[in-house]
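A look at the structure
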Amino acid sequence: MSLSCWIGLQALPDPALAGPLRDLLQARREARQDAVEQDIEEAPGTDRALRGLPAGVKRLADQSYGPTAAHRYDVYLPQRPAGTHPMPILFMVHGGGWARGDKARAPVVENKVRHWVPHGVALVSVNYPMRPDTAPDQQAREVARALTAVQGRAASWGADPARVVLMGHSAGAHLVALLSARPERAQAEGARPWLGTVCLDSAAFDVVRIMEVRHPSLYDRAFGPDRADWLAASPAHQLTRPVAPILAVCSARRAESCQQARDFSARVPAGAPQVQVLPVDLSHSEINATLGEPGTYTDTVDRFLAELPGWQVPLSGGRPTH
C-alpha cells in the first residue's frame, strides 16, 4: 500500500463518529446561514442609534398609531419645505428577523434622511410588534395600520397622503412585499393606495419554498411549523394583482435572495405593474445602510422613484436637478 493511500485511509472518520460529526458540521453551516440572514443585527455598528440630525431636518419622534410601545413611528421633515406643494412620503420598515430591530437605528435612517429629506421628502420610520408574540402575517397588518395613521396625519406635516412609497429592509422588505402583493390587506386596515414599493434584500418572497427545504432556523422562529401560516405570509402565494410597481433590490452575494426576487417578478400577471429586480454587489446590511450615499446604487433607486407617477422629486446623486 502506498503512503498516500495509507494516509487517506487514516483520514476516514470512524463510522461511529460519522453521524455526530455530520450533525456538528451541519449545525455550523446553519449558524453561518443565520448570521448572513441576521447581519443587520450582527454587523459592527448596526445597533447604533442615529446621532443628531442633518442641518435643516427636524424629527417628530415616537408618534403613536396603536396601544403598545411597539406601535410608534418617527417622522423626519425638512425645517423649511422645498416648495409650495405637499411633500411625498418615504415609508420605511426596519428589518431584524421579524424579532428585533428599531426604527431609529442609524443603518435604517441615517443616509436615507440625509439624501431625501433636505430635498423635500418626508421620511417615516416605523416600529411594529414582533416575534415571539406577533406572527409575520399580523406584523404586515400592523404596518398597514401605521400606514393608515401616517396618511391620516400627512397633511399636518405638509405631506401628501396619496404620494407614498413603501420601503423595507430584510424582514421589513418581506412585510412591504406582502402588502404590495395583496393590497387588499392594507385597504382592510384603512390604508389608501401608494405609488410604489422598494424591497431591500428580502429572501422571503416565497416562504413555502424556504420552509420545504433546509433553511436557517430564524425562519422556523418566524413562520412556525404550520403550512397554512407559510401560505398566509408568502408574498408569492398571496399575489393577486399589484397596483403599484415594485423595485426588488437583492445582494448579488446571496444567490437565494436574487433568485427569490426573480421568481416573484415572473409571477406578476401580464399588464399589471411589474417587479424590477436590481442585483447589487453589496452585503445584506450594506444594502440598507448605504442607500442614500452618493453613487450608482442610490442613483438607480432615485430613477425608479422618479418614474413613479406623482413622485415628482427629481434627484441626481442626492442633488436636485432643477
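You'll find the structure just up there.
These remarks concern the structure in this document. (Residues numbered from 1 in each chain as written. Predicted model: local features only at pLDDT ≥ 70, side-chain atom pairs only at ≥ 80, totals over all residues. Heavy atoms only, no water.)

What to know about helix H5 (residues 136-153)
Keep this limit in mind: Each helix is a run of DSSP H or I of at least 4 residues and each strand a run of E of at least 2, with the numbering of both proceeding from the N terminus. In this analysis, the expected span of each helix is defined as 1.5 Å times one less than the number of residues it contains. Only protein chains enter the area calculation, which uses a 1.4 Å probe; residues under 20% of their type maximum are buried, those over 50% are exposed, and those in between are partly exposed.
With 18 residues, H5 extends 26 Å between its outermost C-alpha atoms, agreeing within 8% with the 26 Å of an ideal straight helix rising 1.5 Å per residue. Restricting attention to buried positions, one finds in H5 the residues Pro136, Gln139, Ala140, Glu142, Val143, Ala144, Ala146, Leu147, Ala149, Val150 and Gln151.

Comments concerning the pattern of salt bridges
In plain terms, the rule: Here, a salt bridge means any side-chain nitrogen of Lys or Arg that lies within 4 Å of a carboxyl oxygen of Asp or Glu.
Considering all chains together, one arrives at 13 salt bridges under this definition. Two residues, Asp137 and Arg185, come together in a salt bridge whose shortest N-O distance is 2.2 Å. With Asp137 in helix H5 and Arg185 in helix H7 (residues 184-188), the pair connects residues that are 48 residues apart, well separated along the chain. Judged by its relative accessible area of 6%, Arg185 falls in the buried class. As a salt-bridge pair, Arg253 and Asp281 come within 3.0 Å of each other at their nearest N and O atoms.

Notes on the nonpolar core
The following threshold applies: Only buried residues count toward a nonpolar core, which is a set of Ala, Val, Leu, Ile, Met, Phe, Trp, Tyr and Cys residues joined through side-chain atoms within 4.5 Å.
Residues Tyr73, Phe91, Trp98, Val124, Tyr219 and Phe223 are the most contacted members of the largest nonpolar core, which totals 61 residues. In terms of residue count, the dominant contributor to this core is helix H6 (residues 171-181) (eight residues). Counting 31 residues, the second-largest nonpolar core is a separate cluster that includes Val109, Trp116, Met167 and Leu305.

Some points on unusual backbone geometry
The linkage connecting Arg131 with the following residue, Pro132, adopts the cis geometry, with an omega of 15°. Note on placement: Pro132 falls in the loop between strand E4 (122-126) and H5. Look at Asp62: it is not a glycine, yet its phi comes out positive at around 55°. Topologically, Asp62 is positioned in strand E1 (residues 57-64). For Asp62, a relative accessible area of 46% corresponds to the partly exposed category. For Ser170, which is not glycine, the phi torsion reads 60° and is therefore positive.

A look at the pairing of strand E7 (residues 246-251)
Threshold: Strand pairing requires that DSSP identify at least two bridges connecting the strands.
The element E7 is extensively covered by neighbouring structure, given that six of its six residues are classed as buried. Side chains Ile246, Ala248 and Cys250 of E7 all project onto a buried face; the interleaved residues Leu247, Val249 and Ser251 project onto the opposite face, where all are buried too. The pairing of strand E6 (residues 196-200) with E7 spans four bridges and is classified as parallel. Within E7, the position partnered with Leu200 by the bridge is Val249. Both E7 and strand E8 (residues 275-280) contribute to a ladder of six bridges, which runs parallel. Bridged to Ala248 within E8 is Val277.

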